[in-house]
Amino acid sequence: MNAPHLSISRGRADTKALKACLFDLDGVIVDTAKYHYIAWREIANELGFAFTEEDNEKLKGVSRVRSLEILLGIGGVLLDDGQKALLAQKKNSLYLRHVSQMRPDEVLPGAREFLTDCRNRNLGIGLGSASKNARTILDLLRISPLFDVIVDGNKVTRAKPDPEVFLTGARELGVLPQNCAVFEDAEAGIEAAIAANMFSVGVGDPAVLGNADFVVSGLQALSAETLIAKFERQSGRKYTFPDTNA
Ligand code: B16
Ligand code: MG
């Protein structure tokens, strides 16, 4: 992770500028869902029931503990808290075994370039993920230095659509929520951005992400320049570059 590279006007009463971008991890920067799926399927099979890719959709953006509860609900399996804790731990070991093989070229198309583009525009960069493994994954992908702050499942307790993860990111970056844009692939993530009073960019299916300020198919389809233009146009805010009034 980088020391903040930017001259964000910390605390300045300027509500008009786009100053920071907050990114979800799974589905925006990298597709970790496939590894979560393999690990959860192994757990389900061990418990004696099937777990499909369609089932896995219900776990996207959901915390590990909550994911286990959903999985047990699918199988109709009742366990006590101790057994659940052991299973969650086992699932994570299986997941990490797969994830440890990840290579830098698994960064989703355009993500590395877009992060760099935003940094070059003096925008603060934060991660806002439910995953407790976020830092490990960014390191494996060799993109940790592109982030000024990392807010993950170890730092927050309330899951999206609660805005905690994004509000924490803005606070750590030293910017106000209305100066932030959030990038999310899950409906709950867009709701979290709206609840945080942030500009929201859906990454993925417009049918699912209809509440976002706008939707792109992936970060390869967006430049920092277009983001800033849309932020200005749709929110009536004005971006100033470079920000010299810190
Ligand atoms: P971990 P995100 C989420 O990541 C995943 O989408 C979700 O499937 C997973 O259960 C959650 O992280 C917790 O992950 O078990 O690694 O702590 O989309 O919030 O970046
Ligand atoms: Mg996601």
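Since this is a predicted model, take the numbers as computed values, not measurements.

1. Structural notes on the overall build of the chain
Then step 1. For the chain, the count of helices and strands is 9 helices and 6 strands.
Then step 2. Within the span of the chain, comprising 246 residues, buried residues form 41% of the whole.
Then step 3. In the chain, once contacts between residues fewer than 6 apart in sequence are set aside, the share between residues at least 24 apart is 63%.

2. Some remarks on unusual backbone geometry
Then step 1. In this chain, Lys160 is followed by Pro161 through a cis amide linkage whose omega measures 20°.
Then step 2. Among the secondary structure elements, Pro161 is positioned in the loop between strand S3 (149-151) and helix H7 (164-173).
Then step 3. Positive phi is not limited to glycine here, since Arg142 has a value of about 60°.
Then step 4. With respect to the helices and strands, the residue Arg142 is situated in the loop between helix H6 (134-141) and S3.
Then step 5. Phi at Asn197 takes a positive value of approximately 65°, unusual for a residue other than glycine.
Then step 6. One can find Asn197 in the loop between helix H8 (187-195) and strand S5 (199-203).

3. What to know about the site of ligand 1
Then step 1. Surrounding ligand 1, one finds 19 residues, the nearest of these being Leu25, Asp26, Ser129, Ala130 and Ser131.
Then step 2. Considering only residue class, the shell around ligand 1 consists of 4 nonpolar, 10 polar and 5 charged.

4. A word on the nonpolar core
Then step 1. Counting residues in each nonpolar core, the largest one holds 57 residues, and the members touching the most others are Cys21, Phe166, Cys180, Ala181 and Val182.
Then step 2. Looking at this core, the element that brings in the most residues is H7, giving 5 residues.
Then step 3. Aside from chain neighbours lying at most four places away, what touches Cys180 is Ala20, Leu22, Ala170, Val175, Met198 and Phe199.
Then step 4. The next biggest cluster of nonpolar side chains, apart from the first, holds 7 residues, and it includes Tyr37, Trp40, Leu59 and Leu68.

5. Concerning the sheet that holds S3
Then step 1. In spatial order, the strands read S3-S2-S1-S4-S5-S6; together these 6 strands make up an open sheet with parallel pairing. Each edge of the open sheet carries a strand with a single partner, namely S3 and strand S6 (214-216). Within the sheet, the average angular offset between the axes of one strand and its neighbour, ignoring direction, is 25°.
Then step 2. Pairing analysis gives 4 bridges linking strand S1 (residues 20-23) to strand S4 (residues 180-184), with the strands arranged parallel. What sits directly across from Phe23, in S4, is Phe183.

6. Here's the deal with the packing of helix H3 (residues 64-75) against helix H4 (residues 81-99)
Then step 1. In the contact formed by H3 and H4, the axes pass within 10 Å of each other and the chain directions differ by 110°. The angle between H3 and H4 places the two elements in the roughly perpendicular class. Each of Arg64, Val65 and Leu68 in H3 lies in contact with H4, whose residues at this interface are Lys84, Leu87, Ala88, Lys91 and Asn92.
Then step 2. In the contact of H3 with H4, the residues fall into 4 nonpolar, 1 polar and 3 charged.

7. Some words on the packing of helix H1 (residues 33-47) against H4
A pair of packed helices can be characterised by two numbers: the angle between their axes and the separation between those axes.
Then step 1. One can describe the packing of H1 onto H4 by two numbers: an axis separation of 9 Å at closest approach and a directional angle of 135°. Classified by the interaxial angle, the pair formed by H1 and H4 is oblique. H4 is crossed by H1, and the crossing has right-handed handedness. Here Tyr35, His36, Ile38, Ala39, Trp40, Glu42 and Ile43 of H1 lie close against H4, whose contacting residues are Leu87, Lys90, Lys91, Leu94, Tyr95, His98 and Val99.
Then step 2. Among the residues making up the contact of H1 with H4, the classes are represented as 9 nonpolar, 2 polar and 3 charged.

8. With respect to the pairing of S4
Then step 1. Among the 5 residues of S4, 5 are classified as buried, and the element is accordingly described as predominantly covered.
Then step 2. Where S4 and S5 come together, 4 bridges link them in parallel fashion. Residue Glu184 lies in a different strand from S5, and its bridge partner there is Gly202.
Then step 3. The parallel pair S4 and S5 is bridged by H8, and the resulting crossover is right-handed.

How each quantity is defined
- Residues numbered from 1 in each chain as written.
- Chains lettered and ligands numbered in written order.
- Predicted model: local features only at pLDDT ≥ 70, side-chain atom pairs only at ≥ 80, totals over all residues.
- Helix = DSSP H or I, 4+ residues; strand = E, 2+ residues; numbered from the N terminus.
- Buried ≥ 20, exposed ≤ 12 C-beta atoms within 10 Å, placed from the backbone.
- Contact = placed C-beta atoms within 7 Å.
- Near = placed C-beta within 6 Å.
- Nonpolar A, V, L, I, M, F, W, Y, C, P; charged D, E, K, R; others polar.
- Core = buried A, V, L, I, M, F, W, Y, C linked by C-beta atoms within 7 Å.
- Pairing = 2+ DSSP bridges.
- Axes fitted to C-alpha atoms, helices over the stretch in contact; angles between N-to-C directions.
- Parallel < 35°, antiparallel > 145°, perpendicular 65-115°, else oblique.
- Left-handed = near helix turned anticlockwise from the far one by under 90°.
- Right-handed = clockwise from strand over helix to strand, strands pointing away.

The quantities given are spatial measurements derived from coordinates; they are silent on function.
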